[in-house]
Number of protein chains: 2
Amino acid sequence: MRTIRKAAPLAGIATVERDTGLSKDTLRVWERRYGFPNPSRDSNGGRVYTSEQFEKLRVLRRLIDSGIRPGEIVAEPLHVLAARVQALPLRIPRAEGEAAVASAALRLLKSHQVGELRALLSRSLMQLGLQRFVLEVAAPLNERVGNAWIDGDLQIFEEHLYAEQMQHLLRQAIASLAQDAQSPRVLLTTLPGEKHRLGLLMAEACLSVEGAQCISLGVETPAWDIVQAAKAHRVDIVGLSFSQAMPLKAAHEGLFDLRKRLDRQCLLWAGGNVWQRTRKDIPGVTTIASLAAIADALQAWRKQHVVDDH
Amino acid sequence: MRTIRKAAPLAGIATVERDTGLSKDTLRVWERRYGFPNPSRDSNGGRVYTSEQFEKLRVLRRLIDSGIRPGEIVAEPLHVLAARVQALPLRIPRAEGEAAVASAALRLLKSHQVGELRALLSRSLMQLGLQRFVLEVAAPLNERVGNAWIDGDLQIFEEHLYAEQMQHLLRQAIASLAQDAQSPRVLLTTLPGEKHRLGLLMAEACLSVEGAQCISLGVETPAWDIVQAAKAHRVDIVGLSFSQAMPLKAAHEGLFDLRKRLDRQCLLWAGGNVWQRTRKDIPGVTTIASLAAIADALQAWRKQHVVDDH
DNA sequence: ACCTGATATTTGTCCTAGACAAATGGAATA
DNA sequence: TATTCCATTTGTCTAGGACAAATATCAGGT
């Protein structure tokens, strides 16, 4: 029960773990091996990180997630790392209009015009419809907000605010949709450690648009409880969402574990950005690499199950 | 990168941490001090827990969350612990009429009738209006769901499901309310460590009903970011929500710290169940002991500020 | 009886430094 | 070009020791 945080620019190891996603073990072993981060110590020998170190760790994390190995870059000074982040391949914007709305939204977010932001998104939702809104506005905007935070263009509170607004909007839209009895019952949640609500909510939106009966448990449900819930609600499919922040290893492990304990007949779908970076399959688990693929997967399910029903 | 699991009912320390919420350090130190859990080891000395140990850890966690100290119970055999869970004290229900809807909702939740639950709550909201719904249905139901979880009457996934449904409903209701330019701008969030979203959302509902302009950052915003956000949005009031789960000391400390760094003119309101159990004041902080008191506080603010404006 | 303050015990987090397997990169081979 | 093998990199795990925050216990005063 060490003091977790003190003044604004200094943070203990627990805080750094929480806010960078790097485990305490990793932070310590980097310090031992590479000499970075090199935190000062409090009166009791506890590590105290400066905001500069924190910033560099964030950038490092971003680069490592993109496939670069830690040993090659930990020693580099921050400005070199920042340059490498800039040089990272950008996802190609799909349509033309999508980039425009996202840029406008980002600008409004930065200038703290909440009402205008909400109005813009709401209008865009009305124009495009939920499905296209999620695919063409929400998902790209999500990514850009994430990047902007890592680059230091956005404060944490601005990201919080964005997430909150988008949640409001999506929930409202989902609530107004009808459910189709012919469609599968889907249990939606994430595994412990994955706190990204918006990914889950976007998935729920895509499923609901297709008429699926979604039962969302929110975020971070332990595997054991997922099994219980699937049984209790007799769902056809368990859908899990994984953001980029989730370490691939943990995702694999959790899915493997869950598949073993789940009922045979219950399908297990794993969606989220992680799956774009791997092609390793887990037997009995359907990976869904993009939000757009959700509709296809659902269509496929329908084709297979329309006969067997009853 | 140790091999985490082998045969069916066995789990490594990482899995147990994930699914019980007990940290690796805690598991190891319990083993050292109390001799439980006493996992066997794999070929490399890694801990391998049985499903019995896992189950007992779950029950232990429930009891500890209810206030019992680990040292008193870790040594007890599982069936004794189960008995203690049953013997846990129950809370007294408040009024009579309000209990009816809450009881019905709880029953539906337990029998997994999601559609019916949603319909019941929705109907109740329409009948009572948002303000009364929050005070007379949502808040008591919240409490009962919390208690039921501690008593083992509800699974975690059932609590998750409840929270999700209630969030949907409240957000929808809030979104449909108009804002009053005469009313204060309120920044809403919780401090790190306080993860209870529903309390925050209920507060937002009560404030919105009165026409306040709420800017919610969601949950767990670091103090430094709250200060930045308050400045950026030029809010009149910062509102923080604290559930019973929050240790009183941490709440005091966080508020004291925040008050120091916040702008003089910006008011600081602290709400939530914690404040019913203390009367110690923090200078410059208004504690609001119940949801019903929010309306009064807002009225008082209006009376004081209607003249000063412009 | 109830509050208040000092003292003792409990409890979780953090520390060091060593070990090892999974993932990765590159070279040699088919 | 594709596959196999070896060396390096990397993150997770281990063992006790240390310590401060949280909690319980007990004293004395109102």
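What counts as what
- Residues numbered from 1 in each chain as written.
- Chains lettered and ligands numbered in written order.
- Predicted model: local features only at pLDDT ≥ 70, side-chain atom pairs only at ≥ 80, totals over all residues.
- Heavy atoms only, no water.
- Pairing = 2+ DSSP bridges.
- Helix = DSSP H or I, 4+ residues; strand = E, 2+ residues; numbered from the N terminus.
- Axes fitted to C-alpha atoms, helices over the stretch in contact; angles between N-to-C directions.
- Core = buried A, V, L, I, M, F, W, Y, C linked by side-chain atoms within 4.5 Å.
- Buried < 20%, exposed > 50% of the residue type's maximum accessible area, 1.4 Å probe, protein only.
- Contact = heavy atoms within 4.5 Å.
- Buried area = accessible area lost by both parts, 1.4 Å probe.
- Polar contact = N/O pair within 3.5 Å; in protein donor to acceptor, adjacent residues only side chain to side chain.
- Nonpolar A, V, L, I, M, F, W, Y, C, P; charged D, E, K, R; others polar.
- Least-squares fit on C-alpha atoms with pLDDT ≥ 70 in both.
- Parallel < 35°, antiparallel > 145°, perpendicular 65-115°, else oblique.
- Phe/Tyr/Trp six-rings, centres within 6.5 Å; stacked < 30°, edge-to-face > 60°.
- Lys NZ or Arg CZ within 6 Å of the ring centre and 35° of its normal.
- Expected span 1.5 Å × (residues − 1).
- Right-handed = clockwise from strand over helix to strand, strands pointing away.
- Salt bridge = Lys/Arg side-chain N within 4 Å of Asp/Glu carboxyl O.
- Lys, Arg positive; Asp, Glu negative; His and termini not counted.

Trainee: Would you mind showing me how to read the sheet that holds strand 7 (residues 285-288) of chain B here?
Mentor: The strands making up a sheet associate through hydrogen bonds between their backbones, and the pairing can be parallel or antiparallel. Residue and element names in this part refer to chain B. One open sheet holds the five strands; their spatial order is 4-3-5-6-7, and the pairing between them is parallel. Strands with a single pairing partner mark the edges of an open sheet, and in this sheet they are strand 4 (213-216) and strand 7. In this sheet, neighbouring strand axes are inclined to one another by 25 degrees on average, regardless of whether the strands run parallel or antiparallel. For strand 3 (residues 185-189) and strand 5 (residues 237-241), the ladder comprises four bridges, and the chain directions are parallel.

Trainee: What is the right way to look at the nonpolar core in this model?
Mentor: Grouped burial of nonpolar side chains is what soluble globular proteins tend to show. Within the largest apolar cluster, 73 residues are counted, with the highest numbers of intra-cluster contacts made by Val238 and Phe242 of chain A. Residues in contact with Phe242 of chain A, not counting those within four places in the same chain, are Leu191, Glu194, Ala251, Leu255, Ala270, Gly271, Gly272, Asn273, Val274 and Trp275 of chain A.

Trainee: Looking at this structure, I do not really get the interface of chain A and chain B. What am I missing?
Mentor: How big an interface is tends to be reported as the loss of accessible area on association of its parts. Taken residue by residue, the interface counts 45 residues in chain A and 46 residues in chain B. A buried area of about 4,100 Å², summed over both sides, lies between chain A and chain B, and 53% of it is on carbon and sulfur atoms. It is Phe157, His168 and Arg171 of chain A in chain A that bury the most area against chain B; as a group they hold 15% of the surface buried on that side. In this structure, the connection of chain A to chain B is made through 12 residue pairs in polar contact (both at pLDDT 80 or more). Per-element tally for the side of chain A that touches chain B: the top contributor is helix 9 (residues 156-175) of chain A, with 11 residues. A class-by-class count of the residues in the side of chain A that touches chain B yields 17 nonpolar, 13 polar and 15 charged.

Trainee: Whenever I open this one, the relation of the copies chain A and chain B confuses me. Can you help?
Mentor: Both copies of the chain are related by one operation, a rotation about an axis with a shift along it. Of the transformation placing chain A onto chain B, the axial shift is 1.1 Å and the rotation is 176 degrees, giving an RMSD of 2.9 Å. In symmetry terms, the pair is related by a two-fold rotation axis. Identified as the residue of chain A closest to the rotation axis by C-alpha distance is Gln172 of chain A, at 3.1 Å. A symmetric contact is evident, with 84% of the interface residues of chain A recurring at the interface of chain B.

Trainee: In this structure, what is going on with the sheet that holds strand 7 (residues 285-288) of chain A? I would like to understand it.
Mentor: Residues and elements named next belong to chain A. The sheet built from five strands is open, its strands ordered 4-3-5-6-7 with parallel pairing. With one partner strand each, in any of the chains shown, strand 4 (213-216) and strand 7 form the two edges of the open sheet. The mean angle between the axes of side-by-side strands here comes to 25 degrees, regardless of whether they run parallel or antiparallel. Pairing geometry for strand 3 (residues 185-189) and strand 4, over four bridges, is parallel.

Trainee: It is not clear to me how the packing of helix 1 (residues 13-20) of chain B against helix 2 (residues 24-34) of chain B should be interpreted in this structure. Could you clarify?
Mentor: For any two helices packed against each other, the geometry is given by the interaxial angle and the distance between the axes. Residue and element names in this part refer to chain B. Axis separation between helix 1 and helix 2 bottoms out at 9 Å; the angle between their running directions is 110 degrees. On the basis of their axis angle, the class for helix 1 and helix 2 is roughly perpendicular. Contacts from Ile13, Ala14, Val16 and Glu17 of helix 1 reach helix 2 at Lys24, Leu27 and Arg28. A class-by-class count of the residues in the contact of helix 1 with helix 2 yields four nonpolar, no polar and three charged.

Trainee: Even after reading the chapter, I still don't get the packing of aromatic side chains, so can you show me in this structure?
Mentor: Each aromatic ring pair is summarised here by two numbers: the centre-to-centre distance and the angle between the ring planes. Throughout the structure, instances matching the rule amount to one aromatic pair over all chains. A cation over a ring is seen here: Lys56 of chain A above Phe36 of chain A, with NZ or CZ 4.1 Å from the ring centre.

Trainee: How should helix 9 of chain A be read in this particular structure?
Mentor: An α-helix turns once every 3.6 residues. As a result, residues three or four positions apart point the same way. The terminal C-alpha atoms of helix 9 of chain A lie 28 Å apart, and with 20 residues this matches the ideal 28 Å at 1.5 Å per residue to within 8%. Counting buried positions along helix 9 of chain A gives 16 out of 20 residues, so the element sits mostly inside the fold.

Trainee: Any chance you could explain unusual backbone geometry here in plain terms?
Mentor: Most peptide bonds take the trans configuration, and most residues that are not glycine carry a negative phi. All names here are of chain A. Cis geometry marks the peptide bond from Phe36 to Pro37, where omega comes out at -5 degrees. Its place among the elements puts Pro37 in the loop between helix 2 (24-34) and strand 1 (40-41). Of note, Arg234 is a non-glycine position whose phi angle comes to about 45 degrees, a positive value. The residue Arg234 is located in the loop between helix 11 (223-233) and strand 5 (237-241) in this model.

Trainee: I keep staring at the environment of Leu10 of chain A and nothing clicks. Help me out?
Mentor: Mapped onto the elements, Leu10 of chain A comes out in the segment before helix 1 (13-20). Leu10 of chain A gets classed as partly exposed once you look at its relative accessible area, which sits at 34%.

Trainee: Even after reading the chapter, I still don't get helix 11 of chain A, so can you show me in this structure?
Mentor: Those residues of helix 11 of chain A that fall on the buried side of the exposure criterion are Ala223, Asp225, Ile226, Val227, Ala229, Ala230 and His233 of chain A. Of the residues one or two after helix 11 of chain A, Arg234 of chain A is the one with positive phi, at around 45 degrees.

Trainee: Got a minute to help me understand the pairing of strand 3 of chain B in this structure?
Mentor: Every other side chain in a regular strand lies on the same face of the sheet, so the side chains alternate between the two faces. Counting buried positions along strand 3 of chain B gives four out of five residues, so the element sits mostly inside the fold. Taken together, strand 3 of chain B, helix 10 (residues 197-209) of chain B and strand 4 of chain B constitute a β-α-β crossover, and its handedness is right-handed.

Trainee: I'm lost on the pattern of salt bridges in this one. Help?
Mentor: Side chains carrying opposite charge are able to pair once their charged atoms draw close together. All names here are of chain B. Counting across every chain of the model gives 22 salt bridges over all chains. As a salt-bridge pair, Arg41 and Glu31 come within 3.1 Å of each other at their nearest N and O atoms. With a gap of 10 residues between them, Arg41 in strand 1 (residues 40-41) and Glu31 in helix 2 connect regions that are remote in the sequence. Here Glu31 falls in the buried class, since its relative accessible area comes to 15%. For Arg302, the salt bridge is made with Asp180, and the minimal N-O distance between the two is 3.9 Å. On the criterion of sequence distance, the pair formed by Arg302 in helix 13 (residues 292-305) and Asp180 in the loop between helix 9 (156-175) and strand 3 is long-range, its members being 122 residues apart. Since its relative accessible area comes to 22%, Arg302 is described here as partly exposed. In this structure Asp180 comes out as partly exposed when scored by relative accessible area, which is 28%.

Trainee: In this structure, what is going on with the side chain of Thr190 of chain B? I would like to understand it.
Mentor: All names here are of chain B. Tracing the chain through its elements places Thr190 in the loop between strand 3 and helix 10. Thr190 sits in the buried class, given a relative accessible area of 0%. A polar contact of 2.8 Å, which involves the side chain of Thr190, links it to the backbone nitrogen of Glu220. When near neighbours in sequence (up to four residues on either side) are disregarded, Thr190 contacts Leu200, Gly218, Val219, Glu220, Thr221, Leu240 and Ser241.

Trainee: Could you clarify how one ought to interpret the side chain of Glu194 of chain A in this entry?
Mentor: Residues and elements named next belong to chain A. Tracing the chain through its elements places Glu194 in the loop between strand 3 and helix 10 (197-209). For the buried residue Glu194, which engages in no salt bridge, the nearest side chain bearing the opposite charge is Arg61, 8.4 Å off. A polar atom in the side chain of Glu194 sits 2.8 Å from the backbone nitrogen of Ser243. In contact with Glu194, not counting residues within four places along its chain, are Val219, Glu220, Ser241, Phe242, Ser243 and Met246.

Trainee: Can you walk me through the packing of helix 11 of chain A against helix 9 of chain B in this structure?
Mentor: Running from N to C, helix 11 of chain A and helix 9 of chain B cross one another at 70 degrees; their axes reach a closest spacing of 8 Å. As far as their axial angle goes, helix 9 of chain B and helix 11 of chain A are roughly perpendicular. For the pair helix 11 of chain A and helix 9 of chain B, contact is made by Asp225, Gln228, Ala229, Ala232 and His233 of chain A and by Ile156, Phe157 and Leu161 of chain B, respectively. Each residue belonging to the contact of helix 11 of chain A with helix 9 of chain B can be placed in one class, and the counts come to five nonpolar, two polar and one charged.

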